[in-house]
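Observations on the model geometry
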Amino acid sequence: RFCNLATDTTELAGYSITQFEIIQEITFSNPIYSKLISGSLTAGVYQYAYCLYNQNAGQSAYSPLSQFIQVTETGLTTDSALFSGSAIGVATTSGIEITINDSNTNFDYIRVVALFYSSPDSIPEITIIYEGNKTSNITIAHTGTQNLGSLSLEEAIASPIILIPKTISSKY
């Protein structure tokens, strides 16, 4: 959308600033771990996030991150006595399935990213694992073969502080 804010026009008469929707209100949900599946993920810790976008238009910030999900050679188990870690870089036979429940209706597409931590003190590697049509409930299988590109940590996590004015007035 665009608007001519020139002082010699009356095209804005009768419009409220809230009608412009320059920044759309969004309520995010966290991606939820569903289950362990077959795959070829590298041993380490994974988290997931998503953003919403429209074709040739704006994009939302990224959602809050999912819980930490540990992947090792032994897979996931409910018995902590049987769980053991793996060496850095070890390939596993595990994948992760996540579910995203999103009720936003102003966007048509969704992008899902995986954050991979090879060690507790490492900076995560961020990989785009899914891009497609947005539905209210979507299940994503991350098997280790999806790689639609990568992002820097700043691109995925940092969100600008955006001020939304209640009124606009001219000065001088």
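Residues numbered from 1 in each chain as written. Predicted model: local features only at pLDDT ≥ 70, side-chain atom pairs only at ≥ 80, totals over all residues. Heavy atoms only, no water.

**Remarks on the packing of aromatic side chains**
Heads up, the condition is: Under the pairing criterion, centres of Phe, Tyr and Trp rings, with the six-membered ring standing for Trp, must be within 6.5 Å; the plane angle then separates stacked pairs below 30 degrees from edge-to-face pairs above 60, leaving the rest tilted. Helix and strand assignments follow DSSP, with helices taken as H or I runs no shorter than four residues and strands as E runs no shorter than two, numbered in order from the N terminus. Buried residues are those whose accessible area, probed at 1.4 Å on protein chains only, stays under 20% of the maximum for their type, while exposed residues exceed 50% and partly exposed ones sit between those limits. Our definition puts a charge over a ring when NZ of Lys or CZ of Arg is within 6 Å of the ring centre and also within 35 degrees of the ring normal.
Under the counting rule described, the total for this entry stands at four aromatic pairs. Taken together, a centroid distance of 5.5 Å and an interplanar angle of 25° make the contact between Tyr53 and Tyr109 stacked. You can see Tyr53 sitting in strand 2 (residues 44–53) and its partner Tyr109 sitting in strand 5 (residues 109–117), a full 56 residues away along the chain. We classify Tyr53 as buried; its relative accessible area is 12%. When its relative accessible area of 23% is taken as the criterion, Tyr109 is described as partly exposed. A cation sits over an aromatic face here: Arg111 above Tyr53, 4.5 Å from the ring centre.

**Concerning the sheet that holds strand 8 (residues 150–151)**
Threshold: One requirement defines pairing of two strands: DSSP has to find at least two bridges between them.
Here five strands make up an open sheet; going across it, the order is 3-2-5-6-8 and the pairing antiparallel. The sheet terminates laterally at strand 3 (69–71) and strand 8, the two strands that pair on one side only.

**Comments concerning the side chain of Thr99**
Applied cut-off: We call two N or O atoms a polar contact when they sit within 3.5 Å, provided that within protein one can donate a hydrogen and the other can accept it, with sequence-adjacent residues counted only if both atoms are side-chain atoms. The criterion used for residue contact is that any of the two residues' heavy atoms lie within 4.5 Å.
Secondary-structure assignment places Thr99 in strand 4 (residues 94–101). The class of Thr99 is buried, set by a relative accessible area of 19%. A polar atom in the side chain of Thr99 sits 2.5 Å from the side chain of Ser34. Among residues more than four places away in sequence, those in contact with Thr99 are Asn30, Pro31, Ile32, Ser34, Ile138 and Thr139.

**Considerations on the pairing of strand 2**
Judged by how many residues are buried, strand 2 sits mostly within the fold: nine of ten residues are covered. Here three bridges tie strand 2 to strand 3, and the two strands are oriented antiparallel to one another. Paired with Gly44 across the two strands is Val71, which belongs to strand 3. The pairing of strand 2 with strand 5 spans nine bridges and is classified as antiparallel. Residue pairing across strands places Cys51 opposite Arg111, the latter belonging to strand 5.

**A word on the pattern of salt bridges**
Selection criterion: Any carboxyl oxygen of Asp or Glu within 4 Å of a side-chain nitrogen of Lys or Arg constitutes a salt bridge here.
Summed over all chains, the structure comprises two salt bridges. Of the charged contacts, one joins Asp102 and Lys134 as a salt bridge, the two residues approaching to 3.4 Å between their closest N and O atoms. Separated by 32 residues along the polypeptide, Asp102 in the loop between strand 4 and strand 5 and Lys134 in the loop between strand 6 (125–133) and strand 7 (137–142) bring together distant segments of the chain. Take Asp102: its relative accessible area is 3%, and that puts it in the buried class.

**Considerations on the nonpolar core**
When a protein is soluble and globular, its nonpolar side chains tend to lie buried together. To keep things clear, this is the line we draw: Definition used in this section: a nonpolar core is a set of buried Ala, Val, Leu, Ile, Met, Phe, Trp, Tyr and Cys residues joined via side-chain atoms within 4.5 Å.
Counting residues in hydrophobic clusters, the biggest one holds 18 residues, and the most contacted among them are Tyr46, Tyr48, Ile96, Ile98, Ile100, Ile110 and Val112. Where this core is concerned, the elements lending two or more residues are strand 2, strand 3, strand 4, strand 5 and strand 7. Ranked by size, the runner-up nonpolar core spans nine residues in total, among them Val113, Leu115, Ile128 and Leu151.

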